[in-house]
Amino acid sequence: MSLEPVSGGRLIVVSNRLPLTLRKTEKGWITERSSGGLASAMNPLLRKVGGDWIGWAGISVEDDRESRRSILEEWAEKDRCFAVDLPEDVATGFYEGYANQALWPVFHNFPSQLKFDTRAWEAYVEANRIFSEAVVSRYQPNDVIWVHDYHLILLPQMLRQKLPDAAIGFFLHIPFPSSEIFPILPRREELLEGLIGADLLAFQTHGHLQQFRAALLRVLGMESKIEQVDVGSRPVRLEALPIGIAPEEYTSLLTSDRAKAEQYSDWVARYSGRKVLLAVDRLDYTKGVLERLRAYAHLLRSSPALSEKVVLIQIAVPTREGIDTYQDLRTEVNRLVGEINGKIGTPDWTPLVYINRSIERAELVALYKLADVCWVGSLRDGMNLVAKEYVACKAEGDGVLVLSEFAGAAAEMGEALLINPFDEERTAATVERALALDEQERRLRMTALHNRVVRNDVFHWGSRFLTVLQEAASKRRLYPEAQPQRLRTFDIRDSYTRARRRLLILDYDGTLVPFAKRPEQAVPPPEVIDLLNALVSDPQNCVALLSGRTAENLDRWFGTVQGMWLVAEHGAEFKPPYSPTWEPLRLQMPAEWKNKVMPILEHFVDRTPGSFVEEKKWGLVWHYRLAEPEFGEWLANELVSMLEAMLAETEVRAFRGEKIIEVKPVWANKGEVLARLESVCANPDFIFAAGDDRTDEDLFERLQTDAWTIHVGSGPTRASYVVMDFESLRRILKLFAESGNARRAS
Ligand code: ADQ
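Residues numbered from 1 in each chain as written. Predicted model: local features only at pLDDT ≥ 70, side-chain atom pairs only at ≥ 80, totals over all residues. Heavy atoms only, no water.

Q: Now, about the sheet that holds strand β24 (residues 620-623): what can you tell me, with residues and values included?
A: A sheet is described by the order of its strands in space; here four strands give the open sequence β23-β24-β26-β25, paired in antiparallel fashion. Every other strand in the sheet has two partners, leaving β23 (612-615) and β25 (652-657) as the edge strands with one partner each. Across the sheet, the mean angle separating the axes of adjacent strands is 20° when strand polarity is ignored. One ladder, built from four bridges, connects β23 with β24; its direction is antiparallel. Bridge assignment links Val613 to a residue of β24, and that residue is Trp622. Taken strand by strand, helix α21 (residues 629-647) contacts β24, β25 and β26 (660-665), and its axis lies near 165° from that of β25. (Pairing = 2+ DSSP bridges. Helix = DSSP H or I, 4+ residues; strand = E, 2+ residues; numbered from the N terminus. Axes fitted to C-alpha atoms, helices over the stretch in contact; angles between N-to-C directions. Contact = heavy atoms within 4.5 Å.)

Q: Describe helix α7 (residues 206-220), and please don't skip the residues or the numbers.
A: Helical geometry: 3.6 residues make up each α-helical turn, so side chains three or four residues apart lie on a common side. When the terminal C-alpha atoms of α7 are compared, their 21 Å separation across 15 residues agrees well with the 21 Å that a helix rising 1.5 Å per residue should span. Those residues of α7 hidden inside the fold are in contact with α6 (188-195), β8 (200-203), β9 (228-231), β10 (234-240) and α21. Structurally, the start of α7 carries an N-cap: the backbone nitrogen of Gly207 is 3.3 Å from a side-chain oxygen of Thr205. One or two residues past the end of α7 sits Gly221, with phi positive at roughly 65°. (Expected span 1.5 Å × (residues − 1). Polar contact = N/O pair within 3.5 Å; in protein donor to acceptor, adjacent residues only side chain to side chain.)

Q: Can you lay out the packing of aromatic side chains for me, pointing to particular residues and giving the numbers?
A: The final tally for this structure, using the stated rule, is 36 aromatic pairs. Pairing Tyr98 with Phe116 gives two aromatic rings, centres 6.1 Å apart and planes at 80°, and the pair type is edge-to-face. A residue pair is termed long-range when its members are at least 10 positions apart, and Tyr98 in helix α3 (residues 88-107) and Phe116 in the loop between α3 and α4 (118-138) qualify at 18 residues. Classification of Tyr98 as buried rests on a relative accessible area of 1%. Taken together, the ring pairs in this structure connect Trp56, Phe94, Tyr95, Tyr98, Phe116, Trp121, Tyr124 and Phe131 into an aromatic cluster. Arg68 extends its terminal NZ or CZ atom over the ring of Trp29, reaching a point 5.3 Å from the ring centre. Across from the ring centre of Phe604, 4.9 Å away, lies the NZ or CZ of Arg607, which sits over that ring. (Phe/Tyr/Trp six-rings, centres within 6.5 Å; stacked < 30°, edge-to-face > 60°. Buried < 20%, exposed > 50% of the residue type's maximum accessible area, 1.4 Å probe, protein only. Lys NZ or Arg CZ within 6 Å of the ring centre and 35° of its normal.)

Encoded structure:
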């Protein structure tokens, strides 16, 4: 797989931090490697692919700008790392404020840690804007832009406005929260709108992707497919792409670094006779360090046989220390470390080795190699690279991974021993089991994990992201050509007149007549009945009226139009011309699901003055045209989210229509009926289909490109043509009727 943009352009990576960080020492500014998962993963990838990296270089104040400048220039020249400078107040509000005290906690399901203030939000917007300018200034046509993570959620849309044609991808490294929690976030609409400016949105797991789709539906009322959401007529591709590591960055270190190899031998001697448990985390409350320490204390207290036989090495890198919560966490961790060693340790045994600093990569690898068990206890984590790094260092198949089921890694590392880190007692029991696992099982599990981590490495991930992004961008570029055109009456009349066999498929509400306040008020006026009679009277025509209405309703209104196909409830049943009876499209009974869904809809009726439920044979419809518009839309989103979860395993779905939510079987759709119509009206050389809402889109999608598919009204559509309203459509049908009459007369 290739990693280079096929467009011939360059790759521009944008993330909050660069892989290099500036640190002020007594001697002045020095360059250090950045810590954290994003830098660990992207650094090797970018070294291989080549490309520019745009990111923030850390807080700077006016008087030290000059002294930093030469270092930043060197970064740009040597490493192609381009630093964005943020004014100090913007940087603080953006990074410590909205990004890390609003987005981080809420995205990790810790709403109680949410702190919001408007100034921090404004700083977040401003920082994203400054980033967008930095990208625009480097961008050249055909470049591919890859935006990373929660700090830059507004960036895709900002870039789309400035660079409408650019290929823009976004990867979220952290989880996406459930649709119950996401709406808590102040400015949630802007966040979602920011994201959907991209061509590709990728998440660590399918679970996160599903939660994102649920949030889109609930907050913006936007429906999506599993792999795509349409923003107007612009498609946005959705993907789950679990990140990997560069295994050889770890495995090569033990052999290449002699000093570390010696240190490793020292450690092996020091811990001989003891089992080593290892934990490596940024000191963040989402990583479950406190919970781990408590579970460890529980284990030691409940299993005295382990006394002096095990050691837990906990590496904790300081992080975000400007934020109070992190300082409190550090204090509590320190207290617990003291308590465990003080109360459980002996003169010959320190049960817990606590290292509260960043360590070198080679040292980390030596520890991975040494550890009998790696204990990843995240309360919530996008992926967790430590789990993968440990496994990569276990080529011989020794070692056991204990992994939190709430880390994204759990979705693809099923051979690990999974824990619920909130359950102290059972976690302790699982760790005990890990320590005692027999060799055969250990090898079996570790070999499977190791092979997978090596196979699905970060290059594989990067290459897949860039391939999908470029596919998505080229698909979008094709879309404008597929935009519906205005219908030219001359062309269609000409085509109609020349045709020998015609299939005309018409929707009713919103297409032939305007919407009425209540469904029963939309009685067809005589003009429409005359028009339909004129069309069916032409023996070359096969006319079908496809509606969401019930069979009984269609009979009552169109029973006098002889020779027309009637299709009721979006395709659930139909009546051929001159037939006295209705036939179901599938030989099925309307199912019992209605008994479960009806009480929910009734509950929504109670909550929404002016709304009501219509019961059909095959479906149920909640109408809210008369409800207060904003409240109605909000409740409609709620209702669809609730029904989607409830009906997930069934063949019934909730569909949004024009001020309605319709619950019906998936197979009852206009696209399915088409096959039946085409089998009776064989080989038509003129196919005409007109409709105004989403149910008609199923039909347009099924029809070949040479069919005349007409969307009535505004909004996105797959139809080839649009007309303004029902009156415009009637004018076209009148033209058809007149040209038929004229021909017969001549
Ligand atoms: P992080 O939250 O930073 O990343 P993680 O995936 O565990 O979490 O990555 C941490 C990285 O830092 C690892 O590469 C690890 O080796 C390194 N590291 C940790 N402690 C260290 C120490 N003391 N010294 C040196 N290095 C240390 C975010 C998301 C994760 C997601 C990654 C990548 O929160 O869920 O896996 O991005 O997408």
